[in-house]
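Okay, here's what each chain looks like letter by letter:
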There are 2 protein chains.
Amino acid sequence: MARRNQHTKDEIQQLSLQALEALLYEHNHEAISTRMVAKAIGYTVGTLYTVFKHQADMLLHVNARTMDRMFLHCQRGISDSNTAEHNLTLMALSYHQFALQEPNHWNLVFSLRLPENEPLPQWQQANIDRIFHLLEYELARLSPETSPQSIQKNARILWSGVHGMTTLSLNNKLFIEGITDVETLLTNLVHQLVLTWSGA
Amino acid sequence: MARRNQHTKDEIQQLSLQALEALLYEHNHEAISTRMVAKAIGYTVGTLYTVFKHQADMLLHVNARTMDRMFLHCQRGISDSNTAEHNLTLMALSYHQFALQEPNHWNLVFSLRLPENEPLPQWQQANIDRIFHLLEYELARLSPETSPQSIQKNARILWSGVHGMTTLSLNNKLFIEGITDVETLLTNLVHQLVLTWSGA
DNA sequence: CCTTTAATTGAACACTGTTTAATATGGCAA
DNA sequence: TTGCCATATTAAACAGTGTTCAATTAAAGG
């Protein structure tokens, strides 16, 4: 069977990404092979290599979609009619919730290592910047007289905290026996940082 | 060549771990195979499996040693004659510095996934607790009247932040073009959290 | 010295990512 | 309609992976 022309290259790429995403709900990315993805879309590995440079390239494309979904998820419920602290708390909780809902997708975003000399694509940085802008917007609303540099700095401090809690709790490296849950910890973190930044 | 009795099982295990650690200075753990380790110590893969249950088991042992080293490193310069904030800042900077010095060892600690139904061993939790105790000690010194529960909670908030910054900066996911460095950010984080916790 | 015991190996198994020659079909020109 | 060409697709190959296990070989014990 050759030259069946059933799908365009673009369609094959989309099918692959969808199939891979579906597999990630069941298996973590280290357990997923190129042949599994190929089989899932009814093609052979060779075909995948006409559409992606290599496996890492395919995973990178999945990561792009994951970050898009995460970005949307983190905007849920955000509104200018809320206080800045409320919005920041919502974002933090959403970030953590997304990681819980799609742990394998989320893990892949932060554990993918590209082959040497492969630069990480510019849209990756753009995606990260997009999330930071959400935070910076709220931080500016919180204390309008703070300099843009400080706002950028504080956004990074805040995101690091939220991200760290999410990583550690996802890997059970955070808790002794049933102390407070992560949601409480996240709310606390946001509250305490907001307190010092709101000029209190 | 069989039954040469050149090394005891214990010695073979130690040799393996040392060889693996040496390899980690050059390659990240995904690029290291059991056969590479075996060759480095002058044995065959089969021998490794008389000493470790599986590859993940071997990596877990390396992680134990890495955490020991990290624990010692994080105590560098700590002294009761320093302020609590100073000690906490030292620890945060040491934590980050250690990750920079041994990125592959450090990565392995947080990215190793055990096979299903393999419980993470109890010394792992003990090692984590040990680090938390260092933090809790300083936090108690900072505000003696705070309840033990709150101290535990705050230690986790603080460590999450430090860990998050370290992870993200190690993967270049934290910075736009040359803003402030991670050290400054870490110092800031500690300072701001300490401010709210010292009852100011 | 000869047998038992166990440390060590080498080969096998089923998999992995990646490359490439061979193939078979859809579309086009005559 | 026929025949050819371009190319989408595959099957097979390669060098590697983790893991297991029968076979081997040497040390130790009687």
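Calculation criteria
- Residues numbered from 1 in each chain as written.
- Chains lettered and ligands numbered in written order.
- Predicted model: local features only at pLDDT ≥ 70, side-chain atom pairs only at ≥ 80, totals over all residues.
- Heavy atoms only, no water.
- Domains from an automatic or database assignment.
- Contact = heavy atoms within 4.5 Å.
- Buried area = accessible area lost by both parts, 1.4 Å probe.
- Least-squares fit on C-alpha atoms with pLDDT ≥ 70 in both.
- Phe/Tyr/Trp six-rings, centres within 6.5 Å; stacked < 30°, edge-to-face > 60°.
- Helix = DSSP H or I, 4+ residues; strand = E, 2+ residues; numbered from the N terminus.
- Buried < 20%, exposed > 50% of the residue type's maximum accessible area, 1.4 Å probe, protein only.
- 1 Å grid on protein atoms, 1.4 Å probe; cavity = no way out; pocket = protein on both sides within 12 Å on 5 of 7 lines; lining within 4 Å.
- Points joined across faces, edges and corners; volume = space filled by probe spheres on them.
- Nonpolar A, V, L, I, M, F, W, Y, C, P; charged D, E, K, R; others polar.

A. Layout of the domain arrangement of chain A. Residue and element names in this part refer to chain A. When cut into domains, chain A gives domain 1 (1-52) and domain 2 (62-197). For domain 1 and domain 2, the distance between their C-alpha centres works out to 31 Å. Contact residues are listed per partner, giving 11 residues for domain 1 and 8 residues for domain 2. Buried area between domain 1 and domain 2, summed over both chains or domains, comes out near 910 Å², and the portion from carbon and sulfur atoms is 55%.

B. How the structure looks around the relation of the copies chain B and chain A. By a simple turn and slide, chain B fits onto chain A: the slide is 0.0 Å along the axis, the RMSD is 0.1 Å, and the turn is 180°. On this basis, the relationship between the two copies can be described by a two-fold rotation axis. Most of the interface of chain B is mirrored in chain A, where 97% of its interface residues are also at the interface.

C. How the structure looks around the packing of aromatic side chains. Residues and elements named next belong to chain A. Within this structure, the stated rule accounts for 8 aromatic pairs over all chains. Here the aromatic rings of Y95 and W106 are separated by 6.0 Å at their centres, their planes lie at 80°, and the arrangement is edge-to-face. Of this pair, Y95 sits in helix α5 (residues 84-101) while W106 sits in helix α6 (residues 103-111), and the two are 11 residues apart along the sequence. Each member of the pair, Y95 as well as W106, is classed as buried.

D. How the structure looks around empty space enclosed by the protein. Throughout the structure, instances matching the rule amount to 6 cavities of 30 Å³ or more. In this model, the largest cavity occupies a volume close to 420 Å³. In terms of lining residues, the largest cavity is bounded by 24 residues, among which F110 and S111 of chain A together with F110, S111 and R113 of chain B are the most central. For the lining of the largest cavity, the secondary-structure elements that each account for two or more residues are α6 and α8 (148-170) of chain A together with α6 (103-111) and α8 (148-170) of chain B. Classifying every residue of the lining of the largest cavity gives 4 nonpolar, 16 polar and 4 charged.

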